[in-house]
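One letter stands for each residue in the lines below.
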Amino acid sequence: MESKVSLNFVEEIVEKDLESGKHASIHTRFPPEPNGFLHIGHASSLCLNFGLKTKYNGKCNLRFDDTNPSTEETRYVEAIKKDIQWLGFEWDNELYTSDYFDQLYDWAVVLINKGLAYVDDSTAEEIAEQKGTPTKAGTGNDFRNRSIDENLELFKKMKDGVFDNGAKVLRAKIDMAAPNMLMRDPLIYRIKKEKHHRTGDKWNIYPMYDFAHGQSDSIEEITHSVCTLEFENHRPLYNWFIEKLDIFPSRQIEFARRNLSHTVMSKRKLLQLVNENHVSGWDDPRMPTISGYRRRGYTAASIRNFANEIGIARRENIIDVSRLEFSARQDLNKVSTRVMAVLDPLKLVITNYPKGEMEWVELENNPEDERKTAHRMPFSGELYIERADFMKDPPKKFFRLGPDRMSRLKAGYIIRCDGFEEDENGNVTQLNCTYFPESKSGQDNSGLKAKGVLHWVSIEHAETAEVRLYDRLFTDENPLGHEDKDFKEFINPDSLKVVEKAYIEPFLTNAKEGQHFQFLRMGYFTKDSDSTEDNLVFNRTVTLRDSWAKAKGK
RNA sequence: AGUCCUGUGGUGUAAUGGUGAGCAUACAAUACUUUGAAUAUUGUGGUUCAGGUUCGAGUCCUGACAGGACUACCA
């Protein structure tokens, strides 16, 4: 027997429905509107819907909710499909709400025939006015009492393009005094003479979300229709249509959308960042989009793990972005090839190393990997090390180089710093060191000990690359949480730092896009798509944990 | 103000009236370490409040308080 693991509240509902025999099997769906790219919040929905499919041996459709031709584009459809596949999910059917436009039209006619829908000639303003407020009941108008025949005729004319945009709408006839404002005769069809990305010019009218989503669920016999909390108030309407139309009773279940700290998640806001060039595009490595994270170097597994770890519930939340970074490190640690690169170089000369000589040393590819493979890197008497790895006057707790201090060059030798040179401004320009030949990595019988271990590259053999270092896009944990301030005021001016000329070991010139590297002691990196033949570009996915930096900051 | 929803360590999430409120992360410390990484061990820290029901309440009831959704021809 498997041990009882706790279920999330959706799984509980599913298990109950399966046990009671309400459903023999389950069917979920992932229903994005193709008006933008998928973001990390969608990953939770994806993991939930496809996770249910897998766990309970059911099915999950991909359905594009394309009922608003003004905002939807085929390029978004393609981007969304690519992201879902990259994350590792397989849908059973690729469907479109627009496939159901004929059926939806017929159902609207059914409602009219039942006296449950009417054509309203009022303007948008009049309708809003008559709708009342949350605390004040709405009032009806005379159009509410149109005859069935007249409604039928007018609705057909709406479809046939007789009327202009905004001239008329079709509304469900429910209750203008309902406490739930969505039940105050909601609009179900509007005239929109626009070209649709799939149906072209066929339609002059398009169904509203409420008259399309639930019905699409029914058509596909979706058993559990999971959506976010903002649709909670729509559920009575969702159920009203099912009842009046007497169609397959899909059940809507809401959960709280996952919010990440230091970013924004709504597609509208993300589109704004793209359009106003605050970022380079939907796949800018600073964006919380799936494509942004992919380009930045996150693995699909790390995103899935993150989504599964944070779980789902019905309460509001802001998940600290460090949680996502943890997931990234956890997976990257297992799959990244270790290499050396110096981002802020300081020249180091080994005075007792044979002039003009070099040798190859071995650097293990990944200490976590049982196979224990390695690659070779060139070592010589003139190296670059990281500027931060030397201090003229180091504190006791500093493990790295300083006058008369020893450190190990990773995969190489232990060295001692004998002295340094500086310019007239006191900037250190060169370190002069001696090395201990018998201390070579793997065959060390020097008896020497060095606490610090430094990464390095051989100056003569190093190649160069551009390195992009990313920080959070917003300085505020919750950029949307300030009533008096626009979220863009919190954009982090230092979210991208470019190192034009970093020195990399030659092995890295063979890097391929999609490969993951750990630049030893510097973090995880991946090759960016901006790379060209003679200009390699690397993105830093995430830094390593750095307890020294933390201790130093105190 | 009306209807609906939600309050569990800093954060996220479990506990389905019954053990000392669990897990993860974050934070702190120690060990180990040829990455100040990883790993291992340990520690700090929580049920919004007030009543009520019950042998027993994080869980059920009532009220308060706090937060959120709803007044788009968007989804």
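Parameters and conventions
Residues numbered from 1 in each chain as written. Chains lettered and ligands numbered in written order. Predicted model: local features only at pLDDT ≥ 70, side-chain atom pairs only at ≥ 80, totals over all residues. Heavy atoms only, no water. Pairing = 2+ DSSP bridges. Helix = DSSP H or I, 4+ residues; strand = E, 2+ residues; numbered from the N terminus. Axes fitted to C-alpha atoms, helices over the stretch in contact; angles between N-to-C directions. Contact = heavy atoms within 4.5 Å. Phe/Tyr/Trp six-rings, centres within 6.5 Å; stacked < 30°, edge-to-face > 60°. Buried < 20%, exposed > 50% of the residue type's maximum accessible area, 1.4 Å probe, protein only. Lys NZ or Arg CZ within 6 Å of the ring centre and 35° of its normal. Expected span 1.5 Å × (residues − 1). Polar contact = N/O pair within 3.5 Å; in protein donor to acceptor, adjacent residues only side chain to side chain. Arc of directions from axis to C-beta.

What follows covers the sheet that holds strand β1 (residues 27-30). The strands making up a sheet associate through hydrogen bonds between their backbones, and the pairing can be parallel or antiparallel. With respect to topology, three strands assemble into an open sheet ordered β1-β2-β3, the strand pairing being parallel. The open sheet terminates on both sides in strands that have one partner only, identified here as β1 and β3 (94-96). Within the sheet, the average angular offset between the axes of one strand and its neighbour, ignoring direction, is 35 degrees. Of the pairings in the sheet, the one linking β1 to strand β2 (residues 59-64) comprises four bridges and is parallel in character. Within the sheet, the bridge partner assigned to H27 lies in β2 and is K59. Running at roughly 160 degrees to β1, helix α2 (residues 40-55) makes contact with β1 and β2 of the sheet.

Sheet architecture is open: four strands sit in the order β4-β5-β6-β7, paired in antiparallel fashion. One side of each edge strand has no neighbouring strand; the edge strands of this open sheet are β4 (117-120) and β7 (205-207). On average, each strand axis in the sheet is tilted by 20 degrees relative to the strand beside it, whichever way the strands run. Bridge analysis of β4 against strand β5 (residues 169-172) gives four bridges, and the strand direction is antiparallel.

Here we come to the packing of aromatic side chains. Throughout the structure, instances matching the rule amount to 27 aromatic pairs. Ring geometry for Y105 and W203: centres 6.1 Å apart, planes at 50 degrees, overall tilted. In this pair, Y105 is assigned in helix α4 (residues 101-113) and W203 in the loop between β6 (187-191) and β7, connecting sequence segments 98 residues apart. When sorted by exposure, Y105 lands in the same class as W203, which is buried. It is K168 that lies over the ring of F163; its NZ or CZ is 4.2 Å from the centre.

In this section: the environment of V537. In this fold, V537 is placed in strand β25 (residues 537-542). The class of V537 is buried, set by a relative accessible area of 1%. Separated by 312 residues in sequence, V537 and S225 have C-alpha atoms that sit 43 Å apart. The residues contacting V537, other than those within four sequence positions of it, are E466, R468, T526, K527, D528, D530 and S531.

Next up on the list: helix α12 (residues 321-335). Look at α12: 22 Å from first C-alpha to last across 15 residues, which is about the 21 Å you get at 1.5 Å a residue. Those residues of α12 that fall on the buried side of the exposure criterion are V321, L324, E325, S327, A328, R329, D331 and L332. On its buried side, α12 packs onto α2, α10 (290-296), α11 (300-310), β10 (337-339), β24 (523-527) and β25. In this structure D320 caps α12, since a side-chain oxygen of it lies 2.9 Å from the backbone nitrogen of S322.

With 13 residues, α4 should reach 18 Å at 1.5 Å per residue; the first-to-last C-alpha distance of 18 Å fits that figure. Within α4 the residues assigned to the buried category are F101, L104, Y105, W107, A108, L111 and I112. For α4, the angular spread of buried residues about the axis comes to 160 degrees, placing them on one side. Once α4 finishes, G115 follows within two positions and takes phi at roughly 75 degrees, a positive value.

Extensive coverage of β6 is indicated by the burial of four of its five residues. Sheet topology places β5 next to β6; three bridges connect them, and they run antiparallel. Opposite L170, over in β6, you have Y189 as the bridge partner.

One can find N61 in strand β2. Setting aside anything within four residues of it in sequence, one finds N61 in contact with H27, T28, R29, F30, W91, D92, N93, L95, E220 and I222.

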